[in-house]
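These are the residues of each chain, in order.
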Amino acid sequence: MVAQTRRELSALPAAAAPSAAARVRLATTESAPVRWVLIALGLGFILLVIVLPLVSVFLEALRGGIGAFLRAVTEDDTLSAIRLTLLVAAIAVPLNLIFGLAAAWAIAKFDFRGKSLLITLIDLPFSVSPVISGLIYVLLYGAYGWFGPFLKEWDIKFIFNVTGLVLATVFVTFPFIARELIPLMQEQGRDEEEAAISLGANGWRTFLYVTLPNVAWGLLYGVLLCNARAMGEFGAVSVVSGHIRGLTNTMPLHVEILYNEYDFVGAFAVASLLALLAIVTLVAKSLLEWRYGDRLAAGRRH
Amino acid sequence: MTITVDGISKSFNDFQALKGVELAAARGEFIALLGPSGSGKTTLLRILAGLEFADSGRLLFDGRDVAAQGAGERNVGFVFQHYALFKHMTVAENVSFGLRVKPRAQRPAKAEIDRQVNELLRLVQLDRLGGRYPSQLSGGQRQRVALARALAIQPAVLLLDEPFGALDAKVRKELRRWLRRLHDDMQLTSIFVTHDQEEALELADRIAVMREGRIEQIGTPAEIYHRPATAFVYEFLGNANRLRCRIDRGRAVVAGLELPAPEYPDLHDAAGTAFVRPHDLVIADARQSGLEARVRQVFLAGPAIRVELALLTTGDMLEAEVPHGSDLGSLIVPDKLVTLQPTKIRAFPDAA
């Protein structure tokens, strides 16, 4: 919608007769020098902070040639790090999909005591440093933590294995889906749900046919963001992982290990895979938006 | 279906939205709930639909107590103020929704659903728009989709919340007549909420005027308009001039002028307010007997000439209406001194 409007606006001066060009200008437009300075500032910033670092990751990864790159990414420890990262994301993202959807649904469509407290709690992982989130789990479930003796007795291990990694990742990525959905659902209100119920739909069908399709795009966007963060999470995962190579090392942790061992090609090769995952995520989102943009707009319009 | 509302009350936190409402709708009746915002009319409608539940009181459909039933079990068609169409569904999918979500045993076959949807779309004159999305329709078209969707479940009761509120004046008038015909043809019992007195007067068999959670008066449009029970009803149903008066043995005395108030033969010199509609105020030249007033402004546009006058005794502003083409041309000019003769007043004693 916004992009479309912008295109229409920028098409305006071009469509006007040349003689009137000087006067046909949007009231909100600045003079030419101001515009150029602002555009240059913006582009320069994006170039320095986003584009250059991203390009350099790929350049560094390929510095030793394609062969070295391939050797680095097919090394056993690297492959196991990739597998672990995908596994953690594959567990953490669906869990947060369910939690986030449930939380957003409860907050946006119902009134209850402690609602604002719940919203604050959902935001907590955003405001707490990921390292602390990791530490909390070690303190609670580690061998010397509160529940340590109890867990040891039953031979349950949370820390320094996949369970701990998943827990820490779920915690850190919890707000992404809920935060994406809450404003969307609140804006949509309860009218459509009430209409569905008055037409005889039960709660489950109402949710499935009315609530869910109305937030499908927000949900997809939230899932993509959540997934990107789940695969890239470093701090919390670092604390609970124990950095056991081939066992509890995720891709971001593996990058750090390789870098500390002065294996720059290896480090950047794995980093470039992570960057590639992020780029694929964004491209997928853009493609979906482009392909189904009409329905997206139809869903958002009133 | 007959509807009986028996002493229904409802509170939201500290706010008492309904205070023991009584209402009975006969089969086939078209009833308007008329009142200002905050009078409880929408709350009452939502309680009838099962979207809100009363704190106390009984609600009977055909003598059956439905107070405990949910919205889906009551078989009530509800048309929302802003239509609440399903944005991600086409018009046809919207209309068929109520049929598609029925339990499998009661659900009609796909072909039967299609047939019914086409019939409904024809009924609301949207037969070629079944494939459109709500965002591609005009306000009036959306309104009719909302109606078709509500009618798809073959309700015996149709409830409408400000059904014409979001439409422009011309479309509103057309839809009003169309809705009335539809109600008669389908033999529905309908209740609609409005704050527009003209809409209520034109459309309804009976009007319930609501104020602060109570029904102030219920009656036919003619009864409500010509015999308002309270000052509030009188003022709500059209323009009204207020005049302070004393009510004394069947007469109202306004600034020395005695007018008949036969409703109160037994009151003795009680303070009250007399109401006069603008078209019941006759302007005459200053030599005649009546209320002395000075013309302030004259508005020539509109169906009648509107004249604003100030009473000489109190300075109160009054409004009178004069038909176009009357021979009062020389009198209705600003600053002219004239007299006013109310041909019809309605006095109400002050609440004790």
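In what follows, the structure referred to is the one given above.
A. Molecular detail of the overall build of chain A. Along chain A, the regular secondary structure elements total 14 helices and zero strands. The secondary structure elements of chain A, listed N-terminal to C-terminal, are α-α-α-α-α-α-α-α-α-α-α-α-α-α. Counting all 302 residues of chain A, 36% fall into the buried class. By sequence separation, contacts in chain A at least 24 residues apart represent 71% of the contacts at least 6 residues apart. Total accessible area computed for chain A in this model is approximately 17600 Å², and 70% of it derives from carbon and sulfur atoms.

B. Main features of unusual backbone geometry. All names here are of chain B. The phi angle at Asn 75 is positive, at roughly 55°, despite the residue not being glycine. Here Asp 335, not a glycine, exhibits a phi torsion of approximately 75°, which is positive. One can find Asp 335 in the loop between strand 18 (317-322) and strand 19 (337-342). The class for Asp 335 is exposed, based on a relative accessible area of 51%.

C. Main features of the pairing of strand 4 (residues 56-61) of chain B. All names here are of chain B. Bridge analysis of strand 1 (residues 3-12) against strand 4 gives five bridges, and the strand direction is antiparallel. In the sheet register, Ser 9 faces strand 4, and the bridge partner there is Ser 56. Taken together, the two bridges between strand 4 and strand 5 (residues 64-65) define a ladder with antiparallel strand orientation. Paired with Phe 61 across the bridge in strand 5 is Arg 64. Once strand 4 ends, the chain turns through two residues before running back antiparallel as strand 5, passing Asp 62 with a positive phi of about 50°.

D. Geometry of the nonpolar core. Residues Val 95, Leu 147, Leu 158, Leu 179 and Ile 207 of chain B are the most contacted members of the largest nonpolar core, which totals 44 residues. Looking at this core element by element, the count peaks at six residues for helix 4 (residues 139-151) of chain B. Ignoring anything within four residues of it in the chain, the contact list for Val 95 of chain B reads Val 117, Leu 120, Leu 121, Val 145, Ala 148, Arg 149 and Ala 152 of chain B. Of all hydrophobic cores here, the second largest spans 40 residues; its members include Ala 195 of chain A together with Phe 80, Ala 84 and Val 101 of chain B.

E. Spatial organisation of helix 12 (residues 251-260) of chain A. Residue and element names in this part refer to chain A. Summarising burial for helix 12: seven of the 10 residues are buried, a large majority. Turning to helix 12, its buried residues are Met 251, Pro 252, Leu 253, His 254, Val 255, Ile 257 and Leu 258. Close packing links the buried residues of helix 12 with helix 4 (76-109), helix 10 (203-232), helix 11 (235-241) and helix 13 (264-291). Backbone geometry just after helix 12 places Tyr 262 at a positive phi near 60°.

F. Highlighting the packing of aromatic side chains. Applying the stated rule across the entire model yields 16 aromatic pairs over all chains. Residues Phe 78 of chain B and Phe 80 of chain B carry aromatic rings whose centres are separated by 4.6 Å and whose planes lie at 55° to one another, so their mutual orientation is tilted. Chaining the aromatic ring pairs together yields one cluster made of Trp 105, Phe 110, Trp 204 and Phe 207 of chain A.

G. Spatial organisation of the interface of chain B and chain A. With 24 residues of chain B in contact, the opposing surface of chain A contributes 21 residues. Regarding the contact of chain B and chain A, the summed buried area is about 2100 Å², with carbon and sulfur atoms giving 59% of it. Three residues stand out in chain B for area buried against chain A, namely Lys 87, His 88 and Val 101 of chain B, and they jointly supply 32% of the buried area on that side. Counting across the interface, chain B meets chain A through two salt bridges. Taken together, the connections running from chain B to chain A amount to five residue pairs in polar contact (both at pLDDT 80 or more). Grouping the amino acids of the side of chain B that touches chain A by side-chain chemistry returns 14 nonpolar, four polar and six charged.

H. Region of the structure containing the side chain of Glu 162 of chain B. Residues and elements named next belong to chain B. Structurally, Glu 162 can be placed in the loop between strand 7 (157-161) and helix 5 (169-186). Nearest to the buried, unbridged Glu 162 among oppositely charged side chains is Lys 41, at 4.1 Å. A polar contact is formed between the side chain of Glu 162 and the side chain of His 195, at a distance of 3.0 Å.

I. Structural view of the side chain of Glu 199 of chain B. Residues and elements named next belong to chain B. The residue Glu 199 is located in helix 6 (residues 197-203) in this model. No salt bridge is formed by the buried Glu 199; the nearest opposite charge belongs to Arg 176, separated by 4.2 Å. Sequence-distant contacts of Glu 199, that is, excluding residues within four places in its chain, are made with Phe 164, Arg 172, Arg 176, Phe 192 and Thr 194.

J. Region of interest: helix 1 (residues 41-49) of chain B. Residue and element names in this part refer to chain B. In terms of burial, helix 1 is a largely internal element, eight of the nine residues being buried. Residues of helix 1 that are buried include every one of Lys 41, Thr 43, Leu 44, Leu 45, Arg 46, Ile 47, Leu 48 and Ala 49, and no others. Immediately downstream of helix 1, the backbone of Gly 50 shows phi near 85°, a positive value.

K. Representation of the layout of surface pockets within the structure. Residues and elements named next belong to chain A. Its volume calculated, the largest pocket comes out at about 370 Å³. In terms of lining residues, the largest pocket is bounded by 18 residues, among which Lys 109, Phe 110, Arg 190, Glu 193 and Ile 197 are the most central. Residue assignment for the lining of the largest pocket shows that the elements contributing at least two residues are helix 4, helix 9 (191-198) and helix 10. The element best represented in the lining of the largest pocket is helix 10, accounting for four residues.

L. A look at the packing of helix 2 (residues 32-61) of chain A against helix 13 of chain A. Residue and element names in this part refer to chain A. Where helix 2 contacts helix 13, the two axes come as close as 8 Å, and the packing angle between them is 135°. The orientation of helix 2 with respect to helix 13, classified from their angle, is oblique. Here the hand of the crossing between helix 2 and helix 13 comes out left-handed. Across from Leu 54, Val 57, Phe 58, Glu 60 and Ala 61 in helix 2, the residues of helix 13 making contact are Val 265, Phe 268, Ala 269, Ala 271, Ser 272, Ala 275, Leu 276 and Ile 279. Tallied by class, residues from the contact of helix 2 with helix 13 come to 11 nonpolar, one polar and one charged.

M. Expanded view of the packing of helix 4 of chain B against helix 5 of chain B. Residue and element names in this part refer to chain B. Helix 5 packs onto helix 4 with a crossing angle of 15° between their chain directions and a minimal axis gap of 11 Å. The angle between helix 4 and helix 5 places the two elements in the roughly parallel class. The handedness of the crossing between helix 4 and helix 5 is right-handed. For the pair helix 4 and helix 5, contact is made by Gly 140, Gln 143, Arg 144, Leu 147 and Leu 151 and by Val 171, Leu 175, Trp 178, Leu 179, Leu 182 and Met 186, respectively.

Conventions adopted
- Residues numbered from 1 in each chain as written.
- Chains lettered and ligands numbered in written order.
- Predicted model: local features only at pLDDT ≥ 70, side-chain atom pairs only at ≥ 80, totals over all residues.
- Heavy atoms only, no water.
- Helix = DSSP H or I, 4+ residues; strand = E, 2+ residues; numbered from the N terminus.
- Buried < 20%, exposed > 50% of the residue type's maximum accessible area, 1.4 Å probe, protein only.
- Contact = heavy atoms within 4.5 Å.
- Areas by Shrake-Rupley, 256 points an atom, 1.4 Å probe, with all protein chains shown as cover.
- Pairing = 2+ DSSP bridges.
- Core = buried A, V, L, I, M, F, W, Y, C linked by side-chain atoms within 4.5 Å.
- Phe/Tyr/Trp six-rings, centres within 6.5 Å; stacked < 30°, edge-to-face > 60°.
- Buried area = accessible area lost by both parts, 1.4 Å probe.
- Salt bridge = Lys/Arg side-chain N within 4 Å of Asp/Glu carboxyl O.
- Polar contact = N/O pair within 3.5 Å; in protein donor to acceptor, adjacent residues only side chain to side chain.
- Nonpolar A, V, L, I, M, F, W, Y, C, P; charged D, E, K, R; others polar.
- Lys, Arg positive; Asp, Glu negative; His and termini not counted.
- 1 Å grid on protein atoms, 1.4 Å probe; cavity = no way out; pocket = protein on both sides within 12 Å on 5 of 7 lines; lining within 4 Å.
- Points joined across faces, edges and corners; volume = space filled by probe spheres on them.
- Axes fitted to C-alpha atoms, helices over the stretch in contact; angles between N-to-C directions.
- Parallel < 35°, antiparallel > 145°, perpendicular 65-115°, else oblique.
- Left-handed = near helix turned anticlockwise from the far one by under 90°.

In short, geometric facts, not functional conclusions.
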